[in-house]
Amino acid sequence: MARSFDVVVIGAGPAGYVAAIRAAQLGLNTACIEKWRTPEGEYALGGTCLNVGCIPSKALLESSENYERALHRLGVHGVSVTGVSFDLKAMLARKNQIVRKMTGGIAGLFRKNRIAWLQGHARLASGGTTWKLEVEGEKGSETIEAKHVVIATGSRARHLDGIEVDNRIVCDNEGALDFDSVPRRLGVIGAGVIGLELGSVWRRLGAEVRLLEALPEFLGAADESIAQEAWKVFTRPGALEIELGVKVGAISRDKRGVTVAYQTADGKAAKLACDRLIVSIGRVPNTEGLGAENVGLRIDAKGFIEVDKNCRTSLPRVFAVGDVVRGPMLAHKGEDEGVMVAEIIAGQHGHVNYDAIPWVMYTMPEIAWVGKTEQQLKAEGVAYRSGRFPFAYNGRALGRDESEGFIKMLADAQTDRILGVHAIGSLASELISEAVVAIEFGASSEDIARICHAHPSMSEVMREAALAVDKRSLNG
Ligand code: FAD
Ligand code: NAI
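Residues numbered from 1 in each chain as written. Chains lettered and ligands numbered in written order. Predicted model: local features only at pLDDT ≥ 70, side-chain atom pairs only at ≥ 80, totals over all residues. Heavy atoms only, no water.

*Asks:* What is the right way to read the site of ligand 2 from this model?
*Replies:* Near ligand 2 lie 22 residues; those nearest to it are Ile194, Glu213, Gly282, Met329 and Val360. The separation between an oxygen atom of ligand 2 and a polar main-chain atom of Val193 is 3.1 Å. Expressed as a share of its isolated accessible area of 830 Å², the protein-covered part of ligand 2 is 77%. It is helix H6 (residues 193-204) that provides the largest number of residues to the shell around ligand 2, a total of three residues. Two domains each put at least three residues into the shell around ligand 2: domain 1 (3-157 + 284-352) and domain 2 (170-281). (Near = heavy atom within 4 Å. Polar contact = N/O pair within 3.5 Å; in protein donor to acceptor, adjacent residues only side chain to side chain. Areas by Shrake-Rupley, 256 points an atom, 1.4 Å probe, with all protein chains shown as cover. Helix = DSSP H or I, 4+ residues; strand = E, 2+ residues; numbered from the N terminus. Domains from an automatic or database assignment.)

*Asks:* Just to check I follow, could you spell out the pattern of salt bridges for this structure?
*Replies:* Pairing between side chains of opposite charge can happen when their charged atoms approach one another. Overall, the coordinates contain 34 salt bridges when judged by the stated rule. Salt-bridge contacts for Glu65 lead to Arg73; the nearest nitrogen and oxygen are separated by 2.4 Å. By relative accessible area, Glu65 is classed as buried at 6%. Close ionic contact of Lys232 with Glu229 constitutes a salt bridge, the shortest N to O distance being 3.1 Å. Here Lys232 and its partner Glu229 are both found in helix H7 (residues 224-234), three residues apart, which amounts to about one turn of the helix. (Salt bridge = Lys/Arg side-chain N within 4 Å of Asp/Glu carboxyl O. Buried < 20%, exposed > 50% of the residue type's maximum accessible area, 1.4 Å probe, protein only.)

*Asks:* What's the story with the nonpolar core in this structure? I'm lost.
*Replies:* A general trend in soluble globular proteins is that nonpolar side chains are found buried together. Membership of the largest hydrophobic core comes to 38 residues, with the highest contact counts inside it found for Leu196, Leu219 and Ile367. Listing elements by their share of this core, those giving two or more residues are helix H3 (54-73), helix H4 (88-112), strand E9 (185-189), H6, strand E10 (208-212), H7 and strand E19 (366-371). Per element, the largest residue contribution to this core is five residues, and it comes from H7. The residues contacting Leu219, other than those within four sequence positions of it, are Ala191, Leu196, Ala227, Ala230, Met361 and Ile367. Of all hydrophobic cores here, the second largest spans 31 residues; its members include Ala20, Cys32, Cys49 and Ala342. (Core = buried A, V, L, I, M, F, W, Y, C linked by side-chain atoms within 4.5 Å. Contact = heavy atoms within 4.5 Å.)

*Asks:* Honestly, the site of ligand 1 in this entry has me stumped. Any pointers?
*Replies:* Within the structure, ligand 1 sits among 36 residues, and Glu34, Thr48, Lys58, Ala122 and Ala331 are positioned closest to it. With respect to ligand 1, the backbone of Pro14 contributes an N or O atom lying 3.3 Å from an oxygen atom. Side-chain polar atom of Lys58 to an oxygen atom of ligand 1: 2.7 Å apart, as the coordinates give it. Of all the secondary structure elements, the ones that give two or more residues to the shell around ligand 1 are helix H1 (14-25), strand E2 (30-34), helix H2 (47-52), H3, strand E4 (121-126) and helix H9 (331-345). The dominant element in the shell around ligand 1, judged by the number of residues it contributes, is H2, at four residues.

Have a look at this one:
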């Protein structure tokens, strides 16, 4: 007889594994099907995020930042270091060890919560009072039954037509996290989040990095003031070289590397020759081979599974969460959707506040925001007040020699309710949490201005930005 579960989750990335854990916590008999294999051929949990995304990229960002700091930024503290060098093999091994620790941790959480981990590729086979799924694993295939299904199959890198990604010379995120040597000239197509984060890693380690971006504006999703500041810092002499408004043409490979032919913003023909190329032009949802056609699961024109605000699909008792559905492709957005659907399945009232999802880019300085940008408020005709405060006036930032950037707060002109907070600066990824809490609780800028913030701390800049909304910063 087929094994039967209350909930079967397809995919164990952050959206899927969190959905499975929450479902199990709520007493539901839960299985999670995952097909991911490590380069050594072992099945692994954690999806893109843990294996080839958030976690390994942040490990390399930290290592490369430490190297650059030792090389250039300790002198100001009176600390002299000579003979600074790095061991790329050790750096990559450290990253891989963190990945193993995290993915192994999820396997432990599955055991603790008695979640059955089914290893292999899942396909929806048929529906009825229960859903039937086929799991194609190493040891053959098995059909299982589920009362509820949560699809969390994630996304994969979008590739360019006409150039094969071999993840050695032409790479997506997978190869770009694993170069066996630092390229002398690194080309990047797409100056989005991956291009800037991974471009920064390899630049810090010595590569000359050039990014080609199709859009005429830089970081179009960010607040304009943040994008302007980021452009100034990221494109300083010796930093990243970014060309906007280009049209990428033929890409050819030869013994020396890769040549990208492109048209510049003013229509001139140009070439980018590099030793390695990263293609980071966005990601596409994974729905191939899922059996959507067997059960009539609706998929939209861009390949995302259609869902409502509670992540219900077109089929009864079938939900979809994470990168495979609309919304930002962010791990924490997927996790929150995973919790929401598990709670709904268990008869509770799960929900996600899509207006309070933070965005973070782990560059240096970091960029983080939550809520609306100034250009969005203008477009929507919302009357707002804006307050801005620089890290340069903050004692802790100066002490850390990390005083670039600012925090900007946008609040409703009538009610003072915080509508958006935008930060560029060291530790912006951590500082933004206060703004997320504020937006979630419907706080006003005055609320933040009246809250005691530890001194000296970078968080005082958040308070000063709130005070600046009312034109009464104390220290600037
Ligand atoms: P995924 O993590 O993609 O997991 C989906 C899983 O489903 C995979 O393991 C896949 O093997 C499995 N699967 C697919 N189809 C099937 C099937 N038919 N049967 C069985 N299993 C299947 N986000 C952040 O929030 N912060 C960051 O710092 C960040 N950094 C990133 C850095 C990089 C380089 C990349 C590429 C992404 C980064 N992201 C980051 C995005 C983040 O990784 C994704 O938003 C997140 O992983 C999505 O989670 P998910 O569970 O929806 O999908
Ligand atoms: P992205 O959407 O951030 O950036 C892709 C860029 O490529 C865009 O600026 C786009 O205009 C450009 N582009 C598209 N086609 C192009 C072409 N043909 N030629 C030149 N430029 C082109 O996507 P990216 O960087 O691939 O990352 C994918 C997703 O992964 C992100 O959107 C994000 O959701 C997630 N991610 C999140 C991170 C974080 O939260 N810190 C870090 C890395 C990735």
